[in-house]
Amino acid sequence: MAHTEAHATASLLDAGGRAEMERSWRPEPGFWGWLVAVDHKSIAKRYIATAFIFFLLGGLEAMVMRIQLARPENGLLSPDQYNQLFTMHGTTMMFLFGVPVQIAVALYFVPLMVGTRNVAFPRLNAFGYWTYLIGGVLLYSGFILNTGPDAGWFNYVPLSGPQYSPGKRIDVWAQTVTFTEIASLVAAVTLIVTILKQRAPGMSLNRLPLYVWSILVTAVVILFAMPSVALASMMLAMDRLIGTHFFNPAEGGDPLLWQHLFWFFGHPEVYIMFIPATGFVSEIIPVFARRKMFGHTPLVLSLVATGFLAFGLWVHHMFTTGLPQLGQSFFTAASLMIAIPNGVQIFCWIATLWAGRPRFATPLLFVIGFIVLFVCGGITGVMVASVPFDQQAHDTYFVVAHLHYVQIGAFVFPLFGAFYYWFPKVMGRMLSETLGKVHFWLFFVGMNVTFFPMHFLGFMGMTRRVYTYPVEAGWAPLNLMATVGAALMAAGILTFLANVFTSARRGAPAGDDPWGSHTLEWGTASPPPAYNFLHIPVVQGLYALWERTPDRPVVTGMGTRRPEVLLTTVLDAEPDARYEHPGPSIAPLLCALAVGVTFIGGIFTTWAFVVGPALLFPALLVWMTTQDDHDGPRTEGEEPA
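Conventions used here
Residues numbered from 1 in each chain as written. Predicted model: local features only at pLDDT ≥ 70, side-chain atom pairs only at ≥ 80, totals over all residues. Heavy atoms only, no water. Helix = DSSP H or I, 4+ residues; strand = E, 2+ residues; numbered from the N terminus. Rg over C-alpha atoms; globule rule 2.2 N^0.38 Å. Buried < 20%, exposed > 50% of the residue type's maximum accessible area, 1.4 Å probe, protein only. Phe/Tyr/Trp six-rings, centres within 6.5 Å; stacked < 30°, edge-to-face > 60°. Lys NZ or Arg CZ within 6 Å of the ring centre and 35° of its normal. Pairing = 2+ DSSP bridges. Salt bridge = Lys/Arg side-chain N within 4 Å of Asp/Glu carboxyl O. Core = buried A, V, L, I, M, F, W, Y, C linked by side-chain atoms within 4.5 Å. Contact = heavy atoms within 4.5 Å. Expected span 1.5 Å × (residues − 1). Arc of directions from axis to C-beta.

### Some words on the overall build of the protein chain
Phase 1: Counting secondary structure elements, the protein chain contains 19 helices and two strands.
Phase 2: Taken against the 2.2 N^0.38 rule, which gives 26 Å for 641 residues, the C-alpha radius of gyration of the protein chain at 25 Å falls within 12% of a compact globule.
Phase 3: Dimensions of the protein chain along its principal axes, counting C-alpha atoms only, are 80 × 60 × 50 Å.
Phase 4: Expressed as a percentage of its 641 residues, the buried residues of the protein chain come to 58%.

See the structure below:
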């Protein structure tokens with residue numbers, strides 16, 4: 001079906017055809033257009049902006065906690081305020097920043113990298129963003145009104161149960177989790193279908209970019225992990241609101257059931273954030289090493305193995321709960337085993353850099369920082385996988401240090417690298433290299449000054465979640481050092497923000513492909529037009545832009561007067577059908593508001609579970625009856641070729 005033509009861009013579509021494409025894919029103008037938008041780039045950009053706002057809020061909460069702990073017997077915060085702060089910090093970073101920002105980046109770049117014009121189910125995608133936003137607003141509204149959750153981001157029962165946590169604080173947390181899980185599941189379904197059914201012709205599975213592989217694996221992990229925490233938070237809410245006894249041992253419930261359900265989600269969640277980060281690294285390294293990636297197939301297998309093994313580790317969070325020794329040995333083995341695929345990835349990345357001609361631009365600096373920090377975090381992860389060591393270090397600052405080396409080192413550093421790498425594509429302008437390198441060094445040094453001393457604080461017996469400590473404990477010097485490190489990290493973030501805001505307006509024009517990259521998103525304009533590609537490209541190799549022939553084949557026969565996408569087969573990406581995408585609609589926002597009424601109202605009255613679905617029904621009617629609400633006539637006689 002693929003048709004090869006020389007110099008296709010100039011000859012296949014005249015100026016009138018381009019104008020038709022712009023008209024058929026054009027977003028609605030103004031504030032109304034913002035409310036009804038379904039374009040994947042618009043949704044992804046607001047996802048990214050919202051997630052970074054939550055990142056800044058979570059960072060501010062961490063900074064206040066570090067100031068509180070900088071000296072012993074500090075009275076800056078009360079115990080209650082500290083409890084709320086560390087719960088808000090953890091909940092924000094895990095539920096409102098970590099997972100959503102990875103989803104957001106994928107929603108922007110996956111359609112571009114697979115050569116399609118929008119995600120599958122664009123309205124569902126918009127619905128996911130609105131539910132995520134409602135969940136975040138709910139959490140911070142509760143915090144501002146002194147109803148912020150205060151039992152930790154894991155909310156262990158019975159502490160979070162009705163007996164020990166009266167009031168609405170825990171209910172706010174439980175419903176926030178429900179909203180964010182809905183958004184994650186929606187995004188996972190959208191991304192899986194986009195990757196499997198909307199790839200450009202020629203992009204068979206063995207030609208899929210490594211970042212897209214990482215997102216496919218992550219989306220599958222989300223599908224299996226998120227229902228567990230959604231179920232757990234719903235059961236907790238029912239225990240608290242309508243008097244069920246899922247976690248009440250006095251009535252036959254089991255507090256450990258909460259831990260099993262939570263960590264069955266909680267540990268894979270670490271990999272939901274980490275696996276896309278490895279995809280960033282696998283895209284950045286070959287571009288800046290100026291050679292193809294060493295070990296493409298082992299890297300793909302490592303991604304799949306990591307996603308699979310992620311579900312076998314959750315019990316190592318529960319080694320101190322009195323598990324049988326045989327069970328402990330199995331989960332220790334699984335925890336150690338996951339080092340194998342991750343080790344394979346690290347060796348492939350190092351081999352690529354070793355054999356290449358590295359160009360040490362800011363994206364590569366963050367990747368190198370990631371490798372160093374991830375190895376450190378990985379080593380301490382192997383240590384806590386050992387039952388005797390874990391029982392000594394459990395709930396101490398050693399675990400805090402390990403967690404942040406993994407989360408910040410293995411997730412935030414690649415994310416910043418990806419931001420510097422893809423900012424030119426999104427904004428059409430380059431970020432400042434000078435400010436980028438200042439940002440990297442402040443953040444890298446600050447990260448180590450903050451968290452490395454915490455290993456020793458853990459060995460010295462400092463437990464987690466204490467709001468202050470006595471002078472005699474001897475923890476003051478290391479805590480002060482950690483606070484100084486946190487200030488350096490904050491300075492790095494401020495440098496990054498200054499770089500973003502100044503470069504977005506006055507940065508050097510980027511051009512279509514400033515890095516000489518190989519994936520399809522660099523084959524269109526910067527920033528991409530609403531329809532992404534004037535012609536759907538035909539992929540000729542694993543490195544789509546590096547291996548394309550001079551005639552640059554494209555797909556012809558797609559409609560231009562209505563927003564059509566090309567569906568292809570799952571394995572070989574052969575053209576299968578044309579599909580007309582639904583246009584902008586207010587229905588996703590209305591549905592999200594109805595869901596919001598249901599779950600937020602449910603905190604106060606069970607009648608909300610009657611009113612909310614009643615509101616949802618007309619919103620769904622709007623959704624289903626306006627699927628093809630486009631202005632343009634159908635294009636006659638066009639078939640994909």
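### Thoughts on the packing of aromatic side chains
Phase 1: Under the definition given, this model contains 68 aromatic pairs.
Phase 2: A ring pair is formed by F366 and Y420, whose centres lie 5.7 Å apart and whose planes are at 15°; its orientation type is stacked. Of this pair, F366 sits in helix α13 (residues 362–384) while Y420 is found in helix α15 (residues 397–427), placing the two residues 54 residues apart along the sequence. There is no split in this pair, since F366 and Y420 are both buried.
Phase 3: For the cation-ring pair, R46 lies above W34, with the distance from its terminal atom to the ring centre recorded as 4.5 Å.

### Observations concerning the pairing of strand β2 (residues 575–580)
Phase 1: Sheet topology places strand β1 (residues 564–568) next to β2; five bridges connect them, and they run antiparallel. When the sheet's bridge partners are listed, L567 is paired in β2 with A577.
Phase 2: The antiparallel pairing of β1 with β2 creates a hairpin that spans six residues between the two strands, and A573 there sits at a positive phi of about 55°.

### Quick notes on the pattern of salt bridges
Phase 1: Summed over the entire model, instances satisfying the criterion amount to eleven salt bridges.
Phase 2: With a closest N to O distance of 3.1 Å, K197 and D576 form a salt bridge. Of the two residues, K197 is situated in helix α7 (residues 169–197) and D576 in strand β2; the sequence distance between them amounts to 379 residues.
Phase 3: On the basis of relative accessibility, which here comes to 22%, the residue K197 falls in the partly exposed class.
Phase 4: Of the charged contacts, one joins E564 and R578 as a salt bridge, the two residues approaching to 3.3 Å between their closest N and O atoms. Residue E564 is found in strand β1, and its partner R578 is found in strand β2; the two are separated by 14 residues along the sequence.
Phase 5: Owing to a relative accessible area of 10%, E564 belongs among the buried residues under this scheme.
Phase 6: What you see here is one network of salt bridges that share partners, running through D80, D150 and R169.

### A closer look at the nonpolar core
Phase 1: Residues Y211, F262, W349, F370, F413, F416 and W422 are the most contacted members of the largest nonpolar core, which totals 193 residues.
Phase 2: It is helix α5 (residues 79–114) that contributes the most residues to this core, 22 residues altogether.
Phase 3: Contacts of F413, omitting those with residues within four sequence positions, involve F366, G369, F370, L373, I408, F440, F443, F444 and M447.
Phase 4: Within the second largest apolar cluster, five residues are counted, among which are M21, W25, L534 and V565.

### Considering helix α11 (residues 325–337)
An α-helical turn contains 3.6 residues, so any two residues separated by three or four positions project in the same direction.
Phase 1: Taking 1.5 Å as the rise per residue, α11 with 13 residues should run 18 Å; its terminal C-alpha atoms sit 18 Å apart, in good agreement.
Phase 2: Of all the residues in α11, the buried ones are Q328, F331, T332, A334 and S335. In an axial view of α11, the angular spread of the buried residues amounts to 165°, which keeps them on one side of the axis. The exposed residues of α11 that point more than 90 degrees off its buried face are L326 and F330.
Phase 3: The secondary structure elements touched by the buried residues of α11 are α12 (339–355) and α14 (387–393).

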